[in-house]
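Read off the chains here:
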Amino acid sequence: NLVNFYQAIRAKPSLVVSTVVDMDRFGVAARERPERRFICYMGNMELAKDNVDNIIRAFSLVAEKYSDLDLHLYGRPNSADRQVLVDLLAGLGLGERVIFDAVSYRAVPEILATATVLVSSQPKTVRAQGGFPTKLGEYLATGVPVLVTRVGEIGEQLTDGTHVFFAEPEDPIGYAMKLEYILENYEVAQSVASAGRQLVMEKYSNRVQGKRMLDFIEELCNS
């Protein structure tokens, strides 16, 4: 979509680099199991971009069934968005099951790798139409099952049930059903996660994408 937008302004050679992942940073290493299983969201928690409230509502629908499972939300939302989420948690009675935190850059890979499920939820917006979230590539690189909403160009790059699990946007009930499927079929979900990581290594790693960009620049220089 971004290529089409800019080509309409002035046609020029273009290269789409959906995302770039430093695989050395997200290498699979020995993982120490946490005391409690947890679902993990990591991002800026800007509700206009990531409707984390959809994740919270979905978690509320499965929380009673999975009493050993918590929800960890990592990010730095603005004060207004944070208050919206705090009020929602209070209304749903989930305060003790949901952790809000902000983490350092170095801590990100270990936290992601020790989660049970990695989640993201984007609403269907104009902003999402031409995007591929950076965190999605990083999520997949960990080899942990990933659940995201099907928005923008994600569905053109990844296949539901093969590399990742899709839920429809702005549908907490459908999101909860997909989350429950992952938890109830975790060996299958881990196989999907392994295929997702392999895809990132083959298609989105910094080495692969760096080579694509270099080839593109050299072709331009030689034309």
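Residues numbered from 1 in each chain as written. Predicted model: local features only at pLDDT ≥ 70, side-chain atom pairs only at ≥ 80, totals over all residues. Heavy atoms only, no water.

## What about the pairing of strand β2 (residues 69-74)?
1) Next: Taking burial as the measure, the six residues of β2 include six buried ones, the bulk of the element.
2) Next: Alternating positions in β2 separate into two faces, Leu69, Leu71 and Leu73 on one and Asp70, His72 and Tyr74 on the other, with burial throughout.
3) Next: Strand direction decides the pairing type here: strand β1 (residues 37-42) and β2, joined by six bridges, are parallel. In the sheet register, Phe38 faces β2, and the bridge partner there is Asp70.
4) Next: Pairing geometry for β2 and strand β3 (residues 98-101), over four bridges, is parallel. (Buried < 20%, exposed > 50% of the residue type's maximum accessible area, 1.4 Å probe, protein only. Helix = DSSP H or I, 4+ residues; strand = E, 2+ residues; numbered from the N terminus. Pairing = 2+ DSSP bridges.)

## Topic: helix α2 (residues 52-62)
1) Next: Within α2, burial applies to Val52, Asn54, Ile55, Ile56, Ala58, Phe59 and Val62.
2) Next: Where α2 is buried, its residues meet β1, β2, α3 (79-92), β3, β4 (117-119) and α8 (172-184). (Contact = heavy atoms within 4.5 Å.)

## Quick notes on the side chain of Ser18
1) Next: Relative to the assigned elements, Ser18 resides in the loop between α1 (2-9) and β1.
2) Next: A relative accessible area of 18% places Ser18 in the buried class.

## Things to note about the pattern of salt bridges
If charged atoms from side chains of opposite charge come close, those side chains can pair.
1) Next: In this structure the tally under the stated criterion is eleven salt bridges.
2) Next: Here Asp70 makes a salt bridge to Arg36, at a shortest N to O gap of 2.7 Å. On the criterion of sequence distance, the pair formed by Asp70 in strand β2 and Arg36 in the loop between α1 and β1 is long-range, its members being 34 residues apart.
3) Next: On the accessibility criterion, Arg36 (34% relative accessible area) is partly exposed. (Salt bridge = Lys/Arg side-chain N within 4 Å of Asp/Glu carboxyl O.)

## Some words on the nonpolar core
1) Next: Formed by 62 residues in total, the largest nonpolar core has its most connected members in Ile56, Phe59, Leu73, Leu147 and Leu158.
2) Next: Take this core: its biggest share by element is six residues, from α2.
3) Next: If we skip the residues at most four places from it in the chain, Phe59 touches Ile39, Leu69, Asp70, Leu71, Leu94, Arg97 and Val98. (Core = buried A, V, L, I, M, F, W, Y, C linked by side-chain atoms within 4.5 Å.)

## Focus on the sheet that holds strand β5 (residues 146-149)
1) Next: Read from one edge to the other, the open sheet built from six strands follows the order β3-β2-β1-β4-β5-β6, with strand pairing classed as parallel. Of all strands in the sheet, those bounded by a partner on one side alone are β3 and β6 (165-167). Put simply, the sheet's adjacent strands are angled 25° from each other on average, direction ignored. (Axes fitted to C-alpha atoms, helices over the stretch in contact; angles between N-to-C directions.)

## Remarks on the layout of surface pockets
1) Next: Its volume calculated, the largest pocket comes out at about 360 Å³.
2) Next: Taken together, 16 residues form the lining of the largest pocket, with Arg33, Thr114, Ala115, Tyr186 and Gln190 sitting closest to its centre.
3) Next: Those elements giving two or more residues to the lining of the largest pocket turn out to be α4 (108-114) and α9 (186-204).
4) Next: If you tally residues by element for the lining of the largest pocket, the top one is α9, at three residues.
5) Next: One number sums up the size of the second largest pocket: a volume of about 310 Å³.
6) Next: If you go around the second largest pocket, you meet 16 residues; those closest to its centre are Leu2, Val3, Leu15, Val16 and Val17. (1 Å grid on protein atoms, 1.4 Å probe; cavity = no way out; pocket = protein on both sides within 12 Å on 5 of 7 lines; lining within 4 Å. Points joined across faces, edges and corners; volume = space filled by probe spheres on them.)

## Some words on empty space enclosed by the protein
1) Next: Within this structure, the stated rule accounts for two cavities of 30 Å³ or more.
2) Next: Empty space within the largest cavity amounts to approximately 50 Å³.
3) Next: When residues of the lining of the largest cavity are traced back to their parent elements, those giving at least two are α6 (134-141) and β5.
4) Next: Tallied by class, residues from the lining of the largest cavity come to five nonpolar, three polar and one charged.
5) Next: Here the second largest cavity defines a volume of roughly 30 Å³.
6) Next: In this structure, the second largest cavity is lined by Leu140, Val144, Pro145, Val146, His163, Val164, Phe165, Val192 and Ala193.
7) Next: Per-class residue counts for the lining of the second largest cavity are eight nonpolar, one polar and no charged. (Nonpolar A, V, L, I, M, F, W, Y, C, P; charged D, E, K, R; others polar.)

Note that every value here comes from positions in space, so none of it alone points to a role or purpose.
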